[in-house]
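Examination of the molecular architecture
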Amino acid sequence: MSVLVFVEGLNGEIKKSSLEAASYGSQVAQQLSTTATAVAIGDVKQDALTRLGEQGIEKVLYDGDERLNQFVADAYVKVISKAVEQEDAKVLVFSNSNIGAAIGARLAVRLNGSLATNVTNLPQTDGGNFTVTRGVFSGKAFADVALTADLKIIAIKKNSIEITSGGDTATVENLSADLSDADFAVKAKETVMQDTGGGVLLPEAELVVSGGRGMKGPENWHLIEDLAKELGAATACSKPVSDMDWRPHHEHVGQTGITVSPNLYIAIGISGAIQHLAGVNSSKVIVVINKDPEAPFFKAADYGIVGDAFEVVPKLIEAAKALDK
Amino acid sequence: MKILVCISNVPDTTSKINFTADNKEFDKAGVQYVINPWDEYALTRAIELKEAKGGTVTVLNVGEADTEPNIRKALAIGADDAIRVNAYPKDSFFVAQQIAAVAKENSYDVILMGKESIDFNGSQVHNMVGELLGIPAVVPAFKLDMVDDTTARLEREIEGGKEVVEVNLPFIASAQQPMSEPRIPNMRGIMTARTKPLKVVEPSGADTKVDYVNYSKPEKKGGVKMIDPENAGELIKLLRNEAKVL
Ligand SMILES: Cc1cc2nc3c(=O)[nH]c(=O)nc-3n(C[C@H](O)[C@H](O)[C@H](O)COP(=O)(O)OP(=O)(O)OC[C@H]3O[C@@H](n4cnc5c(N)ncnc54)[C@H](O)[C@@H]3O)c2cc1C
Ligand SMILES: Nc1ncnc2c1ncn2[C@@H]1O[C@H](COP(=O)(O)O)[C@@H](O)[C@H]1O
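This report concerns the structure included in the present document. (Residues numbered from 1 in each chain as written. Chains lettered and ligands numbered in written order. Predicted model: local features only at pLDDT ≥ 70, side-chain atom pairs only at ≥ 80, totals over all residues. Heavy atoms only, no water.)

**Details of the overall build of chain A**
When you go through chain A residue by residue, the secondary structure sums to 8 helices and 17 strands. In terms of overall dimensions, chain A is globule-like: its C-alpha atoms have a radius of gyration of 21 Å, near the 20 Å expected for 325 residues. Its C-alpha atoms put chain A at 60 × 45 × 40 Å along the principal axes. A sequence separation of at least 24 residues applies to 64% of the contacts in chain A between residues at least 6 apart. Surface summary for chain A: the accessible area is close to 12400 Å², and the carbon and sulfur share equals 46%. Charge separation in chain A, taken as the distance between the mean sites of 29 positive and 41 negative side-chain charges, equals 5 Å. (Helix = DSSP H or I, 4+ residues; strand = E, 2+ residues; numbered from the N terminus. Rg over C-alpha atoms; globule rule 2.2 N^0.38 Å. Contact = heavy atoms within 4.5 Å. Areas by Shrake-Rupley, 256 points an atom, 1.4 Å probe, with all protein chains shown as cover. Lys, Arg positive; Asp, Glu negative; His and termini not counted. Charge placed at Lys NZ, Arg CZ, Asp CG, Glu CD.)

**Details of the nonpolar core**
In this structure, Phe6, Val39, Ile80, Phe94 and Ile103 of chain A together with Ile99 of chain B are the most contacted members of the largest nonpolar core, which totals 58 residues. By residue number, the principal contributor to this core is helix 3 (residues 73-87) of chain A, which donates 8 residues. Residues within four places of Phe94 of chain A in sequence aside, it is in contact with Phe6, Ala21, Ile80, Gly100, Ile103, Gly104, Leu107, Ile153, Ile154, Ala155 and Ile156 of chain A. Core analysis: the second largest hydrophobic core is formed by 41 residues, Val3, Ala22, Val44 and Ile57 of chain A among them. (Core = buried A, V, L, I, M, F, W, Y, C linked by side-chain atoms within 4.5 Å. Buried < 20%, exposed > 50% of the residue type's maximum accessible area, 1.4 Å probe, protein only.)

**What about the side chain of Asn61 of chain B?**
Residue and element names in this part refer to chain B. Mapped onto the secondary structure, Asn61 falls in strand 4 (residues 56-63). Within the structure, the side chain of Asn61 is placed 3.3 Å from the backbone nitrogen of Gly63, a separation counted as a polar contact. In this structure, Asn61 is in contact with Ile7, Ser8, Asn9, Thr67, Ile71, Ile83, Arg84 and Val85, ignoring residues within four places of it in sequence. (Polar contact = N/O pair within 3.5 Å; in protein donor to acceptor, adjacent residues only side chain to side chain.)

**Quick look at the sheet that holds strand 1 (residues 2-6) of chain B**
One key point about sheets: their strands pair by backbone hydrogen bonds, in either a parallel or an antiparallel sense. Reading across the sheet, the 10 strands line up as 12(A)-9(B)-8(B)-7(B)-10(B)-6(B)-1(B)-4(B)-5(B)-11(B) and stay open at both edges, with mixed pairing between neighbours. If you trace the sheet from one side to the other, it starts and ends with strand 12 (188-193) of chain A together with strand 11 (198-201) of chain B, each paired once. With direction set aside, neighbouring strand axes in the sheet form an average angle of 30°. Across 5 bridges, the pairing between strand 7 (residues 137-146) of chain B and strand 8 (residues 151-158) of chain B is antiparallel. Note that in strand 8 of chain B the partner of Leu144 of chain B across the bridge is Leu154 of chain B. In this fold helix 1 (residues 37-53) of chain B packs onto strand 1, strand 4, strand 6 (110-114), strand 7 and strand 10 (171-175) of chain B, with an angle of close to 165° to the strand it touches most, strand 1 of chain B. (Pairing = 2+ DSSP bridges. Axes fitted to C-alpha atoms, helices over the stretch in contact; angles between N-to-C directions.)

**Brief notes about the pairing of strand 10 (residues 152-156) of chain A**
All names here are of chain A. Extensive coverage of strand 10 is indicated by the burial of 5 of its 5 residues. Residues Lys152, Ile154 and Ile156 line one face of strand 10 and the alternating positions Ile153 and Ala155 line the opposite face, and both faces are buried. Looking at chain direction, strand 6 (residues 89-95) and strand 10 are connected through 5 bridges and run parallel. Residue pairing in the sheet places Val93 in a bridge with Ile154 of strand 10. By the bridge criterion, 4 bridges tie strand 7 (residues 114-119) to strand 10 in an arrangement that is parallel.

**Quick notes on the site of ligand 1**
All names here are of chain A. Not every one of the 26 residues close to ligand 1 is listed here, only the nearest: Lys216, Ser238, Ser271, His276 and Asn290. At 2.8 Å, a side-chain N or O of Gln275 approaches an oxygen atom of ligand 1. Measuring from a nitrogen atom of ligand 1, one finds a backbone N or O atom of Ala309 at 2.8 Å. About the coverage of ligand 1: the protein hides 77% of its 990 Å² of free accessible area. Among the elements of the structure, helix 6 (239-243), helix 7 (274-277) and helix 8 (309-322) are those that each provide at least two residues to the shell around ligand 1. The class makeup of the residues in the shell around ligand 1 is 6 nonpolar, 14 polar and 6 charged. (Near = heavy atom within 4 Å. Nonpolar A, V, L, I, M, F, W, Y, C, P; charged D, E, K, R; others polar.)

What follows is the structure in structure tokens.
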């Protein structure tokens, strides 16, 4: 038996969230006295694959079929099933990304496995049990879930596992799943990546600077962007801000937008409605800047400033500039 | 076109989340239940498509009798009929099997769901049903249009961007904002909903794959540290030296 980790690439490199999954997988392998293998698909550079050894991966199975450069669920599921069979994997680890959750669910049915998504901790494996902790109720609680099938499939919540380092280099072996055209029937016609202006992608970000209706209008967003740039952070916003088209929809966080769990979330001119908190409440450190001392967000904050954003934020930008990077 | 919309019954987002004294079960006391917000996007999009192209919208819930007020609400918003599979939704796989069984019997052209249920945050049911039925699931989609009678065009979110996908019927999609503008039922809707058919079926033999053994709540924050706005730059120093996040 072994532990198998699915890693996703982005621009030839391994995504940060997949490095977290790899770190998780090799720690589970240690717990179970076995080894961790990764499976990678499509557009990932060879040296990025060997560097997975840093996270404790011994071997990488790689399917470089060009048709796989784009995500196609059926084809990906076939490749990973093949790897599971070949490695006799009993634990399968993904990042809880849109891709990871989707293929995890398909594989759970196809291979008769137990699936837990949104997992935040290493499993408890004593006494032959296998129990993981997962986030439920939009960050308001956790549940311990026993995975009872032979094959355990786990999707790791982003930014909840430390990336380990210090391992060796991984060996890379080719994998081929004999894909047919039928496996590519549902293929994206067009893929449009967001223009982050060289900045950081929100779902992967460790630091996030977010603006709400208190910013008054899109013409003031340079304050949010400048602070984000100085800190190396991604930018985000509240729902009304994207509804009014001050900012694009993919920046909207919260219950109906995306969920983020960065190390630092700075909320500027956001009241802290419960639907907004649902998307950010598992951030490690929360900073709230609001001119209203009664704003509900302060209750969820670690640091707060009661003040006018238009006076406070320029001071933060100055202080951030003065940091040695 | 026959559309099936799967709705789950979840605690309203503003609910306080509590568990029973032994932390083994969710405490329903005082909790108001709503249609899962993402499922409402799916429902209104389904009704819009029906209004434009004709057809029927059926809503499906796997749940016990206490979910019926929200099933009636979906009928009041504009669904034509409803099916309730009479069972507690034990885990995603159990729910997926019930949905797949109903779908096999009635062969829908489109099955719409929400991006995830806001109680268990699984994001699992759509692809499980897709696998059980052998059809594609486009998740999470924020745009859905019919190209012609056999093909749909969707835009779905991927990390860092979006994809435009065309699929043949039948297919599954999960909805997220801004797929549609959720509607509030009007008086006429509420009146007619009372007489629309709501069929209750018993679950078919299915097993579960996971056991929920225990619940807990996150540790309370240590309280907020306030910084003088005149001296705002101090915050950046604290974030580096004290919180160690910069
Ligand atoms: C079903 C449902 C789903 C929802 N989903 C989401 C979601 O996913 N994400 C989301 O964000 N919201 C969501 N909402 C909306 C949510 O309830 C709030 O309405 C929204 O988050 C408020 O956005 P805001 O804080 O930017 O604006 P407001 O509530 O208007 O708050 C603006 C804040 O800015 C402060 N302010 C004003 N001027 C200044 C200044 N000069 N300097 C500093 N501070 C200033 C004010 O004191 C105020 O606290 C949802 C609502 C519903 C019903
Ligand atoms: N008990 C249920 N009854 C009907 N549909 C459900 C149920 N649970 C989940 N769903 C559907 O599946 C979607 C994804 O749910 P989940 O996988 O639990 O996050 C939801 O948005 C619903 O559309």
